[in-house]
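In case you want the letters, here they are:
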Protein chains: 2
Amino acid sequence: MRLRLGALPLLADLRRPDSRPRRDDVAAGLLTAALLLPQALAYAQLAGLPARAGVLASLLPAIVYALFGRSRALAVGPVAVAALMVAEALARHAPEAALVSTAAVILAAEVGLLLLLLRGLRWGGLVALISHPVLLGFTAGAALLILLSQLAPLLGLALPRAGPLATLQAVVAALPRVDPLAAAPGLLAMLMLLARPLWAAALRRARLGADAIDTTLRTLPLVVVLLALLAVALLPEAARARLQLVGPLDWAAPAVDLPALADAGLWRALLPSAALIALVAFVESIAVARVLAARRREAVRPDAELGALGLANLAAAFSSAMPVAGSFSRSVVNAQAGARTQLAGVIAAFAVGALALLGSGVLALLPRGVLAAIIIVAVVALLDWRRAAEIYRYDRREALALAITLAGVLLLGIEAGLLVGVLLALGQALRRTMRPHITALGRVPGTEHFRNPRRHAVEQSPGLLLLRVDESLYFANIAAVEDRLEAELAAAGGPAVVRDLVLVLSAVSAIDASAEEALEAWAHSLEERGLRLHLAEVKGPVMDRLRQGRLARRLEGRIHLSTHAAVAALEQDRGAAAG
Amino acid sequence: MRLRLGALPLLADLRRPDSRPRRDDVAAGLLTAALLLPQALAYAQLAGLPARAGVLASLLPAIVYALFGRSRALAVGPVAVAALMVAEALARHAPEAALVSTAAVILAAEVGLLLLLLRGLRWGGLVALISHPVLLGFTAGAALLILLSQLAPLLGLALPRAGPLATLQAVVAALPRVDPLAAAPGLLAMLMLLARPLWAAALRRARLGADAIDTTLRTLPLVVVLLALLAVALLPEAARARLQLVGPLDWAAPAVDLPALADAGLWRALLPSAALIALVAFVESIAVARVLAARRREAVRPDAELGALGLANLAAAFSSAMPVAGSFSRSVVNAQAGARTQLAGVIAAFAVGALALLGSGVLALLPRGVLAAIIIVAVVALLDWRRAAEIYRYDRREALALAITLAGVLLLGIEAGLLVGVLLALGQALRRTMRPHITALGRVPGTEHFRNPRRHAVEQSPGLLLLRVDESLYFANIAAVEDRLEAELAAAGGPAVVRDLVLVLSAVSAIDASAEEALEAWAHSLEERGLRLHLAEVKGPVMDRLRQGRLARRLEGRIHLSTHAAVAALEQDRGAAAG
């Protein structure tokens, strides 16, 4: 396949004559950068990586996505949940501090390759594997884990990484030892971020318009960062030594350990984590892209996104960064600030790169507590209790899946929790198809309509039983269907009363080989009891398949176009026999 | 729960006045025993266990099932596929010869406990997890593995146990070393078993009836065993030493190593294998029970069978045997020989026990090659190529699942192959629901029927689009459904032409929270384009749920009972607007 530059979505967008508003893109890019820089530093901290990894993940990967991605406002780069998953994978498979950066690169490479593999297979449908309740429970669990992991840095404590409960215990045990000075930056930053309504009120009093207030407040994390830098710079050296600082961004340091990078065992060990990070990165990016696309009447093509996200993660690996995905908070800022094309993403990347490069000496003074405050305030927004309550009202079983996923993430870890949730939701979906709705039918007098006798006044022909099955028939439900059909037959008086049984298949879109075999055996067993099985309203594709099997041969002449035709034929039959 | 003896199915059966024909049960039991004794010895050999384990698995477990089981002709005891799975589990987790018997007991105990746990949870529906094509592929793969594993014993070779390919290579490499005398018993036994048509012809010439011929030939394995024992007994000691013999059945030997039995690590290591053996034992027993029950107009209750099979496996553990299940070949013999109750199973167990105990000195002389021949001839019957060809004609994708399961068993081992098959079939079932059938509708003139315009002459109201979705809506298909609905809307002229869009939900039995949320968002997006979404023919249970959500609030007054009512209301509406 030859790559034509003109085929790149961004270049195509920029060449369109109606894509005038490039100024909007520049403004949106700069505003996004103001959020991106603090988040890049913060999510690197969350992943347990040097700050550099976060900044690098914001540069080349964002530009690669901007070139190849089709979502015009999606902001790709470091994100909180993926950062937490990276931290968990690193803690398990590369606990040595010297190896974390290398392991993160391997993860990014594997995530990129897996996404490209899925692209090659056109498995974009995979995005549908996670139900909304499971995604909600997973996100809430991840948010709580993230919050817990940032308590120690928030308070200026240096504690070893541990499980959620152990971390909480360690933090509580360390509370008496908290150095007020070390805790001050984090707590003050948190107060400033939480005081957002106060700032908004102040700005309203200053007669700013709603949009301007919104835009101004989006730079709040950057303002907090700048104020913190200023405060730390003014501190005397002795006081500064008591703070946990980000430290110098070692651009020159060799991030990757080459022997470890060539260690096939490490690649194998990290692969399951990479697969789950890829799934989450893909699902979350598509979810964000869909929200953005709905506002602009655009469609999201999951297969195309797989390719662009895969390339962005490969770019992350090549720039010694960490896995990337579409960020909800930054994408929303980007879109609301008026981004029309991915030019905004390119601008944001360059702006962050310039800020980080020029200001790396200054950024070294940033207290980790400030980043912890930014992370905590960001992830609390991920807890969507209102939607959870709605789901509880709508369907208790789905609320249970949400709760189990949440508990799984908290108790078993983020990867196991995600797997539990996905399998649970799929199991529930399968279970539903395993107990299909089956109803007897009778004719609404004077019409060709057939309805449930329990809900409508209908007439039923003697000796004739009409049963409608409201689900496709396949191996997992055919035994249950057969039991239900036998029960309906017994309820109708059994073979002593019923001579003909018509299965109405208007809602059956497929009959698999197992079900076909079982139905054939059942038809045979009915014949031995003096009953004839008929089919009616068999859909075209189902009939095409049935013609290849034994059931259709056994039911020769007993497959009717419509329920009405079946009843008419059988009543005539009986009339002829009686007459 | 108090156990009343009278509640035991067997005792209830025997107390019924109409259960006269106890003589039939005795005859059937003795005939089954004639097949059971050679199979018990053979499957113990297949499992890599001493012959004693097979005999013990035929005694107490069979009697326990006879007491508690509800299938009247099911013959429970050692079976080929479970024996192979035991062999694989032992080779992996208890390769030391001293531990195999103990590990087999742990497996039987775990299989029993798992089945009883499933019984407690009433998860008999689990039997539906394996589609027929997957079961066929799995069985064929297991049969081929069994066949390969018996090649060396058949030829009188003593080779170490190895993977299928390595075994084949080792056997081929060892061919020049084959001792003709050592190979003679197996090959002669094989010839005698394969010559069944010749014996049948001979018996027909002797004017025997078809039933008598059938009964006589069922004792063929026992006849082969007796002839082999006679031949070996007549051999001089020197020649006998060149044969691989079963050896003495050490009834007194302590089978179980107590420290190993108390080793929690071994229990944990064997648990996954036990879970898969339990699944296979359950699925195969139910499959056999269903075949038998269909002939007698009885129903199989999977939950009840779970309990009886669980107790039988616990009995196997207590008698230091191996996991047990319902045997297809012996159950068919038992049923055809006229077994009316499980009394036949009790008789068979006592007969085998008496034979093994009285004849244990003689049985020690049995050449392993004869058992290998019995196993090979038995498992070749498991290869159901005709049904595989039917499945291929019926559905290529299911034939592919069969082939992949077969290949998985051969290449990855029996456990991994089974998992691959189960997941594949479930994935295919899910995939089908992910691409539902959607069709536009128009009114058949002069009726209240609505049909597909592509297949019927129908009339369509201007500005009105009717779409019917033929699948329940849930998280895994809602995005695809929305795409398809948008495509149908565009095909109908889009918002420029269509003002009202009616979703006909006659085939939708469920809408989950994810789908409800997505539909609400879609209805909103349609409104913004000047289109109104309506629902029609919403089923009762679906409507009950919808009332709790946001979609029903958004569509207030736009949810119609029938398609006809929706069209009538909208046409009147439009008439009023025009008038």
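Residues numbered from 1 in each chain as written. Chains lettered and ligands numbered in written order. Predicted model: local features only at pLDDT ≥ 70, side-chain atom pairs only at ≥ 80, totals over all residues.

> How should the overall build of chain A be read in this particular structure?
When helices and strands are counted, chain A shows 29 helices and eight strands. Against the 2.2 N^0.38 benchmark of 25 Å for 579 residues, chain A shows a C-alpha radius of gyration of 31 Å, more extended than a compact globule. C-alpha atoms of chain A, sized along the principal axes, occupy 110 × 60 × 60 Å. Relative to its 579 residues, chain A shows a buried fraction of 49%. In chain A, once contacts between residues fewer than 6 apart in sequence are set aside, the share between residues at least 24 apart is 82%. (Helix = DSSP H or I, 4+ residues; strand = E, 2+ residues; numbered from the N terminus. Rg over C-alpha atoms; globule rule 2.2 N^0.38 Å. Buried ≥ 20, exposed ≤ 12 C-beta atoms within 10 Å, placed from the backbone. Contact = placed C-beta atoms within 7 Å.)

> I keep staring at the relation of the copies chain A and chain B and nothing clicks. Help me out?
Between the two chain copies there is a screw-like relation: a rotation about an axis and a shift along it. If you rotate chain A by 179° and push it 0.0 Å along the axis, it lands on chain B with an RMSD of 0.2 Å. What we have between these two chains is a two-fold relation. Scanning chain A for the C-alpha nearest the rotation axis identifies A507 of chain A, at a separation of 2.5 Å. When you check the interface residues of chain A against chain B, 100% turn up at the interface there too, and the contact is symmetric in its surfaces. (Least-squares fit on C-alpha atoms with pLDDT ≥ 70 in both.)

> Please explain the pairing of strand β7 (residues 532–536) of chain B as it appears in this structure.
Working note: regular strand, side chains alternate between the two faces of the sheet. Residues and elements named next belong to chain B. The buried fraction of β7 is high, at four of five residues. Traced from strand β6 (residues 500–504) through helix α26 (residues 513–528) to β7, the parallel crossover comes out right-handed. Relative to strand β8 (residues 559–560), β7 is paired through two bridges, and the arrangement is parallel. Bridge pairing links L535 to I559 in β8. (Right-handed = clockwise from strand over helix to strand, strands pointing away. Pairing = 2+ DSSP bridges.)

> Please clarify how the domain arrangement of chain A should be interpreted in this entry.
By a frequent convention, interface size equals the accessible area lost on bringing the separate parts together. What the domain assignment lists for chain A is domain 1 (21–383) and domain 2 (438–578). Distance from the C-alpha centre of domain 1 of chain A to the C-alpha centre of domain 2 of chain A: 58 Å. (Domains from an automatic or database assignment.)

> Any chance you could explain the environment of A174 of chain B here in plain terms?
Residue and element names in this part refer to chain B. Tracing the sequence through the fold places A174 in helix α9 (residues 164–174). According to the C-beta neighbour criterion, A174 is partly exposed, with 15 such atoms within 10 Å. Each C-alpha atom, one on A174 and one on L159, is 8.9 Å from the other, the two residues being 15 residues apart in sequence. Those residues in contact with A174 that sit more than four places away from it in its chain are L157 and L159.

> Would you mind showing me how to read helix α4 (residues 60–68) of chain B here?
Think of an α-helix as 3.6 residues a turn; residues three or four steps apart then line up on the same face. Residue and element names in this part refer to chain B. Most of α4 sits out of view: eight of its nine residues are buried. Those residues of α4 lying buried are L60, P61, A62, I63, V64, Y65, A66 and F68. Where α4 is buried, its residues contact α1 (9–15), α3 (51–57), β1 (75–77), α17 (302–318) and α19 (343–358).

> Sorry, what's going on with unusual backbone geometry here?
Residues apart from glycine generally show negative phi values, whereas peptide bonds are mostly found in trans. For R207 of chain A, which is not glycine, the phi torsion reads 65° and is therefore positive. As for its position among the elements, R207 of chain A is in the loop between α11 (196–205) and α12 (210–218). One non-glycine residue, S320 of chain B, adopts positive backbone phi at about 55°. Its place among the elements puts S320 of chain B in the loop between α17 and β2 (325–327).

> Would you mind going over the interface of chain A and chain B with me for this structure?
Taken together, the contacts link 44 residues of chain A with 45 residues of chain B. Secondary structure elements with two or more residues in the side of chain A that touches chain B: α7 (132–149), α22 (385–394), α24 (414–434) and α26 (513–528) of chain A. With seven residues, the single largest contributor to the side of chain A that touches chain B is α24 of chain A. The class makeup of the residues in the side of chain A that touches chain B is 19 nonpolar, 13 polar and twelve charged. (Nonpolar A, V, L, I, M, F, W, Y, C, P; charged D, E, K, R; others polar.)

> Explain the sheet that holds strand β6 (residues 500–504) of chain A to me, please; I cannot follow it from the model alone.
In a beta sheet, neighbouring strands pair by backbone hydrogen bonds and run either parallel or antiparallel. Residues and elements named next belong to chain A. One open sheet holds the six strands; their spatial order is β4-β3-β5-β6-β7-β8, and the pairing between them is mixed. In the strand order of this sheet, the two ends are held by β4 (450–451) and β8 (559–560), each with one partner. Its contacts with the sheet put helix α25 (residues 478–491) on β3 (438–443), β5 (464–469) and β6, and the angle it makes with β3 is roughly 40°. (Axes fitted to C-alpha atoms, helices over the stretch in contact; angles between N-to-C directions.)

> What am I meant to see in the environment of L74 of chain B here?
All names here are of chain B. Mapped onto the secondary structure, L74 falls in the loop between α4 and β1. Residue L74 is classed as buried on the basis of its 31 C-beta neighbours within 10 Å. Between the alpha carbons of L74 and R196 there is a distance of 25 Å; along the sequence they are 122 residues apart.

> What is the right way to read the sheet that holds β7 of chain B from this model?
Residue and element names in this part refer to chain B. Taken together, the six strands give an open sheet; going across it, the order is β4-β3-β5-β6-β7-β8, and neighbouring strands pair in mixed fashion. Unpaired on one side and paired on the other, β4 (450–451) and β8 mark the two borders of the sheet. The pairing of β6 with β7 spans five bridges and is classified as parallel. Bridge pairing in β7 places D500 opposite R532. Of the strands in this sheet, β3 (438–443), β5 (464–469) and β6 are in contact with helix α25 (residues 478–491), which crosses β3 at around 40°.

> Can you help me understand the confidence of the model for chain A in this one?
One rule of thumb: low pLDDT means the predicted coordinates there are not for detailed reading. On average, residues of chain A carry a pLDDT of 88, and 97% of them reach 70 or more. Taken together, the chains of this predicted complex give a pTM of 0.78 and an interface ipTM of 0.80. (pLDDT = per-residue confidence, 0-100.)

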